[in-house]
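Descriptive structure summary
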Amino acid sequence: MVKLAKFRALGLSDITLKALEKKGFEEPSKIQERIIPLFLSTDKDIVGQAQTGTGKTAAFGLPLIELLKENSKYVQVLILTPTRELAIQVAEEINSLKGSKRLQIVPIYGGQSIEQQLRRLKSGVDIVVGTPGRVIDHIKRKTLVLKDISNMILDEADEMLNMGFIDDVEEILKSTNSNKRVLLFSATMPDRILRLAEKYMKKYELVKATEEKLTINLTDQIYFEVNMVDKLEALCRIIDIENVFYGLIFCRTKVDVDTLANKLMERGYSAEALHGDISQYQRERILDKFKRRKANILVATDVAARGIDIVELTHVINYSLPQDPESYVHRIGRTGRAGKEGTAITFITPSEYRKLTYIQKLAKSKIRKEKIPEIMDIINSKKLRLKKDILKVIKEGDCSNYSELASEMLVENKPEEVCSALLKHFFQEELEIKNYNKIRETSKNSFIDIKGKTRLFVALGKMDGMSPRRLVDFIKNKVHVDDRKINDVQIFDKFSFINVPFEEAEIILRFFKKDTKGNRPVVVIAKKRKDSR
Ligand code: ADP
Ligand code: MG
């Protein structure tokens, strides 16, 4: 395993290296390079600072797998995460890294039946990955005993703080044995987090890795504007124009997944559907088929796609927009992994433009706009491929079996004629323009360009003492936006209007969602005027 030499050098054992190979990791990320040896060869507490998507889970997960004992009677590790999605993701990531080591890893979160969790906890668990609230529940019920843990990990500590879990975290820290090792991971280090670290961690080592993200920056991110009714057509064009398409397509619901997979199959693609209603047996069969490339399209829901370890995808397609920036990052992190380039494509309908801007901003990614391939581009691309394929046969294939037939056909016809007839006979279907449907332009009015502005309605006017300057100051004092970004202020008796760029609009709207006058937010998007774009 020369390939994994860098991981080996960090002190990982063969069993773990094998699991890593299966997972498709090739080189450790920066944070992994620094945390793993520190974790394995010292007993220091560690504070790790690195942004999302840099591989923190494996940074602490791999050493844990190395260090934990098999067949322990007690819970050995507690990992706290801010959300249930993260609890599941972290548990799945560690599970996929543990190889043949016999360790039980269980996510514990609110919303899941407590009985089910109790059963899992009773059956002997090594690593509990939980959200603070549910962990406290179990501690109180004495169904989770944390008196003998060797390690405690606080993952995404700043998010836990933002979500108001910090007191819970402190309570949990107090109810665990004091001779454990504590690791804290966070993208930012607010005071409150540092104080927590001072209070509950021994003299710790601070590891800061300011690096580019692992996943996203190798992924070419594109979006297409497309009307709902034309999504299928657009998808087919995207698949057809590629030389190799090996992709994961995300839909929002099970029904959407089934519908899309069926439509693709009707059109002759080898697609499979994956969602929560599919039995474990079927799921494995489908994944196996996909991994062996007997199918090159996998249509899935976010939940169903979680935890599948498929590497070298050429495309991830958001057939419908993900719910939030986090799932966007997670979805597209499935392509462009481990140093390989991939393409992430997002379809947006006119009304989703704002949501895309929001995702783009929070996911800190650049998503560029592209035009859906034209029919002639696809046909040309197919012709090119065909030519290449035939040249390859000429070059390496032994065609002597066919030469007699060929000569016979050439006796009475010109080579071009024979060749054309052959192509028509075998490829007519594929090169037919009629196979494609027209895609309607998305209405110009419904999309505003990226530098576009949003007009906001503010429920304060002259009667509230507002002047243009006062209104700008009022907003500036509440929300951190540059006042030069607020333009075209119009003050009426009881209300006002302002124009701001999208980004600022998002920030302002989010803030004022909570700030209401009567029952209504003080700031909302202005209703479109007839003459507005
Ligand atoms: P973080 O916790 O820092 O946000 P994650 O641990 O969730 O990041 O990792 C993000 C993605 O990168 C995951 O899909 C993970 O499998 C992948 N990943 C982690 N380490 C590596 C690596 N060394 N090489 C390739 N991919 C990696
Ligand atoms: Mg993480």
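Before reading further, recall that the structure is shown in the block above.
Now for a look at the structure at hand.

Here we come to the packing of aromatic side chains. Inspection of every chain in the model, using the stated rule, returns 11 aromatic pairs. Between the aromatic rings of Phe-60 and Phe-185, the centroid separation amounts to 5.3 Å while the plane-to-plane angle is 40°, which identifies the pairing as tilted. Of the two residues, Phe-60 sits in helix 4 (residues 56-67) while Phe-185 sits in strand 6 (residues 181-186), which places them 125 residues apart along the sequence. With centroids separated by 5.9 Å and ring planes inclined at 75°, the aromatic side chains of Phe-495 and Phe-497 adopt a geometry described as edge-to-face. An aromatic cluster is defined as three or more aromatic residues linked by ring pairs; in this entry it consists of Phe-457, Phe-492, Phe-495 and Phe-497. Lying over the aromatic face of Tyr-319, Lys-231 brings its terminal NZ or CZ to 5.6 Å of the ring centre. When the ring centre of Tyr-246 is taken as origin, the NZ or CZ atom of Arg-293, which lies over that ring, is 3.8 Å away.

Moving on to helix 6 (residues 114-122). Within the span of helix 6, buried status applies to Ile-114, Gln-117, Leu-118 and Leu-121. An end-on view of helix 6 places all buried positions within 105° of arc, on one side of the element. Elements that come into contact with the buried residues of helix 6 comprise strand 3 (105-108), strand 4 (127-130) and helix 7 (132-140). Looking one or two residues beyond helix 6, the residue adopting positive phi is Gly-124, at roughly 95°.

This part takes up the pairing of strand 6. Remember that side chains alternate between the two faces of the sheet whenever the strand is regular. Burial analysis of strand 6 places six of its six residues in the buried class, the great majority of the element. Of the two faces of strand 6, both are covered, the one formed by Arg-181, Leu-183 and Phe-185 as well as the one formed by Val-182, Leu-184 and Ser-186. Examined bridge by bridge, strand 1 (residues 45-49) and strand 6 share four bridges and lie parallel to one another. Note that in strand 6 the partner of Val-47 across the bridge is Leu-184. As paired elements, strand 5 (residues 151-154) and strand 6 share four bridges and run parallel to each other. Bridging from a neighbouring strand, Ile-153 pairs with Leu-183 of strand 6.

Let's shift gears to the nonpolar core. By size, the foremost hydrophobic cluster in this structure holds 37 residues, and its most contacted members are Phe-7, Leu-20, Phe-60 and Ile-79. Counting only elements with at least two residues in this core, the list comes to helix 2 (14-23), helix 3 (30-41), helix 4, strand 2 (77-80), helix 5 (84-97), strand 4 and strand 6. In terms of residue count, the dominant contributor to this core is helix 4 (six residues). Membership of the second largest hydrophobic core comes to 31 residues, among which are Ile-136, Leu-146, Phe-165 and Ile-166.

Below, the discussion takes up the side chain of Ser-381. Its location among the elements puts Ser-381 in helix 17 (residues 375-396). Ser-381 has contacts with Asp-240 and Ile-241, leaving out every residue within four places of it along the chain.

In this section: the packing of helix 3 against helix 4. Two numbers describe how helix 3 lies on helix 4: the axes approach to 8 Å, and their chain directions differ by 25°. Accordingly, the angle class assigned to the pair helix 3 and helix 4 is roughly parallel. The interaxial crossing formed by helix 3 with helix 4 has right-handed handedness. Of the residues in helix 4, those touching helix 3 at Ile-31, Gln-32, Ile-35, Ile-36, Phe-39 and Leu-40 are Lys-56, Ala-58, Ala-59, Phe-60, Leu-62, Pro-63, Leu-64, Glu-66 and Leu-67. Per-class residue counts for the contact of helix 3 with helix 4 are 12 nonpolar, one polar and two charged.

Time to look at the environment of Ile-193. Relative to the helices and strands, Ile-193 resides in helix 10 (residues 191-200). Residues Ile-193 and Leu-161, 32 residues apart in the sequence, show an inter-C-alpha distance of 7.6 Å. In this structure, Ile-193 is in contact with Ala-157, Asp-158, Leu-161, Ile-166 and Leu-184, ignoring residues within four places of it in sequence.

Where side chains of opposite charge bring their charged atoms close, a pairing between them can arise. Here the structure, examined in full by the defined rule, presents 26 salt bridges. Residue Arg-134 pairs with Asp-137 through a salt bridge whose shortest N-O separation is 3.9 Å. Pair noted here: Arg-134 and Asp-137 are both in helix 7, with a separation of three residues, about one helical turn. Judged by its relative accessible area of 12%, Arg-134 falls in the buried class. For the salt bridge of Arg-292 with Asp-288, the shortest nitrogen-to-oxygen distance reads 3.1 Å. Since its relative accessible area comes to 38%, Asp-288 is described here as partly exposed.

Rules used in this analysis
- Residues numbered from 1 in each chain as written.
- Chains lettered and ligands numbered in written order.
- Predicted model: local features only at pLDDT ≥ 70, side-chain atom pairs only at ≥ 80, totals over all residues.
- Heavy atoms only, no water.
- Phe/Tyr/Trp six-rings, centres within 6.5 Å; stacked < 30°, edge-to-face > 60°.
- Helix = DSSP H or I, 4+ residues; strand = E, 2+ residues; numbered from the N terminus.
- Lys NZ or Arg CZ within 6 Å of the ring centre and 35° of its normal.
- Buried < 20%, exposed > 50% of the residue type's maximum accessible area, 1.4 Å probe, protein only.
- Arc of directions from axis to C-beta.
- Contact = heavy atoms within 4.5 Å.
- Pairing = 2+ DSSP bridges.
- Core = buried A, V, L, I, M, F, W, Y, C linked by side-chain atoms within 4.5 Å.
- Axes fitted to C-alpha atoms, helices over the stretch in contact; angles between N-to-C directions.
- Parallel < 35°, antiparallel > 145°, perpendicular 65-115°, else oblique.
- Left-handed = near helix turned anticlockwise from the far one by under 90°.
- Nonpolar A, V, L, I, M, F, W, Y, C, P; charged D, E, K, R; others polar.
- Salt bridge = Lys/Arg side-chain N within 4 Å of Asp/Glu carboxyl O.

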